[in-house]
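# Breakdown of the fold
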Amino acid sequence: MALVTSKEMFKKAYEGHYAVGAFNVNNMEIVQGITEACREEKAPVILQVSKGARAYANHTYLVKLVEAAVLECPEIPIVLHLDHGPDFETCKSCIDGGFTSVMIDASSKPFEENIAITRKVVEYAHDHGVVVEAELGTLAGVEDDVKVSAEDSSYTRPEEVEEFVSKTGCDSLAIAIGTSHGAYKFTAAQCTRNAEGILVPPPLRFDVLEEVSRRLPGFPIVLHGSSSVPQEYVKMVNEHGGKMPDAVGIPEEQLRKAASLSVCKINVDSDLRLALTGTIRQFFDEHPEKFDPREYLKPARAAIKEIVRHKLIHVMGCNGKA
Ligand code: G3H
Ligand code: 13P
Ligand code: ZN
């Protein structure tokens, strides 16, 4: 199967009350870990590339890695998506360069400007058979070189979504309901602590999600900043020379609930970084004499595969849906 758009994927996900996993890719091991899990679990998948990933690995290398995954996994549908496209030019470059989906993220701009930029990207993308994700509302956290503090974040205003979608023609909409980018999603002051001393974050705003869905029936909603920051990997990092105190994510059962509603795409990046980093740190701690990258990248790739498998089954619910 060639690369596909997310059109059909989202229709099935919406009707089937599950979400498709969207995982960020930066190198070969990450592409392999994700797609091996998806192939074994018969899950559709979105492989997404940020501006930072393109700067790090080069557009062509990433496209060719994803094309290799398509050849290796002919049984599953794969989308190649631009994550947080910052402007029209970046979106155009990805549309011209083989992507099947782009995100234009003009969510930091005033409403009318967000509409105008998104509309321009949609026109170009649709003329080229590519779908577009847009965003309304601002997430807290770090994405690429942009850092948004909790005070500057804002929930999506449900009363704006119908006008935004009808004026832009976007194919899916990312909304802000309390998720946040990175491994430190909430400050200790925003959380309570459970009996083990682990931070418990404030619940997602399901009232906002439900009102958005009521206003946009059948329309696919996207959640960014949806890593759950598994504490076993935070512990692994910290036990092997790392320092990530109070890293906290979104509880999985809340993401699962969102997936059973109108959320059709759930973005996960930080959890893969944690699995990769924890595994490599542990390897070096246990084998200080080793220096062959294949030896430490092999268990790191296997850890990514297992965390993705876990997400597909327990968070997205998209296993068996390819
Ligand atoms: O939302 C941002 C993603 O986690 C991508 O991160 O910009 O560091 O590649 P990055
Ligand atoms: P996390 O930082 O929670 O993994 O979110 C990733 C993301 O939203 C990519 O766009
Ligand atoms: Zn994001």
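A brief structural summary. This is a predicted model, so every value here is computed, not measured. (Residues numbered from 1 in each chain as written. Chains lettered and ligands numbered in written order. Predicted model: local features only at pLDDT ≥ 70, side-chain atom pairs only at ≥ 80, totals over all residues. Heavy atoms only, no water.)

Reference values for angles at a metal are 109.5 degrees in the four-donor tetrahedral case and 90 or 180 degrees in the six-donor octahedral case. The zinc ion (ligand 3) binds to the protein through His84 (NE2), His181 (NE2) and His224 (ND1); the donor distances cover 2.0 to 2.1 Å. Binding-site remark: the zinc ion (ligand 3) is held by donors from one chain whose sequence spacing is H-x96-H-x42-H. With histidine 181 in the loop between strand E8 (172-175) and strand E9 (192-193) and histidine 224 in the loop between strand E11 (221-223) and helix H9 (231-239), this pair connects stretches of sequence that are 43 residues apart. Of the residues examined, histidine 181 reaches a relative accessible area of 11% and is grouped as buried. The buried category is assigned to histidine 224, whose relative accessible area is 1%. (Donors = N, O, S within 2.8 Å, 3.2 Å for Na, K, Ca; no water. Helix = DSSP H or I, 4+ residues; strand = E, 2+ residues; numbered from the N terminus. Buried < 20%, exposed > 50% of the residue type's maximum accessible area, 1.4 Å probe, protein only.)

Attention shifts here to empty space enclosed by the protein. Taken as a whole, this structure holds 1 cavity of 30 Å³ or more when the rule is applied. Reported here for the largest cavity is a volume of approximately 40 Å³. What lines the largest cavity is simply Ser6, Phe10, Ile46, Val79, His81, Ser101, Val131, Val132, Glu133, Asp171, Ser172 and Lys265. The set of elements that each furnish at least two residues to the lining of the largest cavity consists of strand E3 (78-85) and strand E5 (131-136). Each residue belonging to the lining of the largest cavity can be placed in one class, and the counts come to 5 nonpolar, 4 polar and 3 charged. (1 Å grid on protein atoms, 1.4 Å probe; cavity = no way out; pocket = protein on both sides within 12 Å on 5 of 7 lines; lining within 4 Å. Points joined across faces, edges and corners; volume = space filled by probe spheres on them. Nonpolar A, V, L, I, M, F, W, Y, C, P; charged D, E, K, R; others polar.)

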